[in-house]
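Fold and contact review
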Amino acid sequence: MNQEIQRRTFIRTSAAAAVAGMAGCATGGAGGANTLALLGGTPVIAKDKQKDELDMFQWPRVNDAMRQASDRVLVGCKMSASDVSMEFEEKFAKWQGTKYALSFPNGTNSLNAAMYAIGLGAGDEMICTSMTYWASCIGALNLRASVVFCDIREDMEMDPASVEAHITPRTKAIMVVHYKSHPCDMDAIMAIAKKHHLRVIEDCSHAQGGLYKGKKLGTFGDVAGMSLMTFKSFSIGEGGMMVTDDYEIYRRAIRFGHYERIYKHWKPEELAGTFNVPFGAMKNRLNQCAAAIGLEQLKKYDREIAEIHQCKEYFYKGIADVKGISKIYPKWENSNKAGWYSSVSHFDSAAFCGISPQTFVAALRAETGTCCGYQFSMGCDFPLHASSAFYTSDIYHTGRPTNVETLPPGIDMKKLVGELPVASTIRNRIFCEPWFKKFRPEQIDRYVEAVHKVAANAAKLADWEKRQKKA
Ligand SMILES: Cc1ncc(COP(=O)(O)O)c(C=O)c1O
């Protein structure tokens, strides 16, 4: 039997088994075909072969051109110069479709500079999605501004209705995060921003090159910042980029931490004798080895993410018959999850005999391995609105919680943020599917097979989960 016939036969039998497994839930029956690896069976990918999966998932895809480009910087001792970084910025801006790009040693600093550049400061509130990494917003506190969290939609993107509900007379900006590679509803958000005269910053750390209705993410708001660190889709090792069409924003970001460029963009009378002191107390120069790698990454990024897209489409086709798993993908035309960074799927526990996504993922990991963190994993960051850092922490020793320090007395931040039901609970309804990098159907089939196998054994997993809870 050739491989393709074997595969089709397998998918047919396991799909039937998945249905049988679900029927087994109602009767408390055993269900399932082969024994799961988590329960002592043989894994879909043999234990001694799991480490070989690294080649499929490793990221970024380092080539000779990247090594040589980085070497040239090293040999020339140009790590701390700016010529290669400026070339990277120029080419990145062209690729992004913005007038300006400014490089940073990391994404966190690019976002902090963007917040400063739009004029965020004391007494201002910035609305940010609760479901993001802390770097999207905590920098606002350094600027003596406050962060007010809003909720997300089931598809992970910022909920425009929740944004609007959190606007107060002090709101100055919205930090939009295209989280887990899913674009936010930019038409709705920009309309709200326009109506209330708010500035918009986009955090594109999870979605470099992504599209919303045919237009690149990072080109909707006043400015965008993003991480380019190793694990991101657009990866240069460690780095960040800010992009904008607004020269005033660009030069304010320079004043924040690109001290050696200040004199090029600010006239002596504007500097008023401050010389080149950066107002952000930051030194935001990118190591040029990373910039050189970035120049090479630009040449191949679009091609590489197109291949990732092909892998994901193939994977989803393979599991389309599994009830209880649904792809999360932008519903607008000409919109995508470019790069598919840390992409998540919906998981309906009821279709899997009530097991948690944690158990589901543990079973899948036992089948396929965990060689590099890019295979099946659990879903998302913890919701930031649950962190006491934004309610009670007196970070700067002023006697008031820092996040309300410059707001009028009596503002109850907990009340202002309120309940954010989706961000609080989404973790129980999602899991991260594997982040395949190379279109190798036979290899992806193993992961499809693992999903079918786990689905077929859901009843047994439910029993296992019960025993774990009791133990
Ligand atoms: C959404 C988001 N924003 C910002 C950052 C910060 O980027 P960096 O780690 O490069 O500072 C990250 C990093 O993981 C992130 O996930």
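Residues numbered from 1 in each chain as written. Predicted model: local features only at pLDDT ≥ 70, side-chain atom pairs only at ≥ 80, totals over all residues.

Structural notes on the overall build of the protein
If you tally the helices and strands in the protein, you get 17 helices and 13 strands. Relative to its length of 471 residues, the protein is compact, with a C-alpha radius of gyration of 24 Å against a globular reference of 23 Å. Per-residue burial for the protein yields a buried fraction of 50% across its 471 residues. Here the analysis covers contacts within the protein between residues at least 6 apart in sequence; of these, 73% occur between residues at least 24 apart. (Helix = DSSP H or I, 4+ residues; strand = E, 2+ residues; numbered from the N terminus. Rg over C-alpha atoms; globule rule 2.2 N^0.38 Å. Buried ≥ 20, exposed ≤ 12 C-beta atoms within 10 Å, placed from the backbone. Contact = placed C-beta atoms within 7 Å.)

Topic: the site of the ligand
Surveying the vicinity of the ligand reveals 15 residues, the closest of which are N106, G107, T108, A135 and S227. Broken down by element, the shell around the ligand gets its largest block of residues, 3 residues, from helix α5 (residues 107-117). Residues that form the shell around the ligand fall into these classes: 5 nonpolar, 9 polar and 1 charged. (Near = placed C-beta within 6 Å. Nonpolar A, V, L, I, M, F, W, Y, C, P; charged D, E, K, R; others polar.)

Here's the deal with the environment of T129
You can see T129 is positioned in strand β2 (residues 125-129). Of the residues examined, T129 has 31 C-beta atoms within 10 Å and is grouped as buried. Other than its neighbours up to four places away in sequence, T129 contacts C150, I152, M158, V177 and Y179.

Remarks on the domain arrangement of the protein
Structurally, the protein comprises domain 1 (3-60 + 300-380 + 427-470) and domain 2 (64-296). In this structure, domain 1 and domain 2 have C-alpha centres spaced 34 Å apart. Taken together, the contact pairs 21 residues of domain 1 with 20 residues of domain 2. Looking at which element gives the most residues to the side of domain 1 that touches domain 2, the answer is helix α12 (residues 288-318), with 3 residues. Considering only residue class, the side of domain 1 that touches domain 2 consists of 12 nonpolar, 6 polar and 3 charged. (Domains from an automatic or database assignment.)

Thoughts on the nonpolar core
Counting residues in hydrophobic clusters, the biggest one holds 127 residues, and the most contacted among them are A114, M126, I174, M175, I201, M242 and A253. No other element matches the 10 residues that α12 contributes to this core. Viewed by domain, this core spans two of them, domain 1 (3-60 + 300-380 + 427-470) and domain 2 (64-296), each represented by three or more residues. When sequence neighbours within four positions are dropped, the list of residues in contact with A253 reads L102, A113, A114, A117 and M242. (Core = buried A, V, L, I, M, F, W, Y, C linked by C-beta atoms within 7 Å.)

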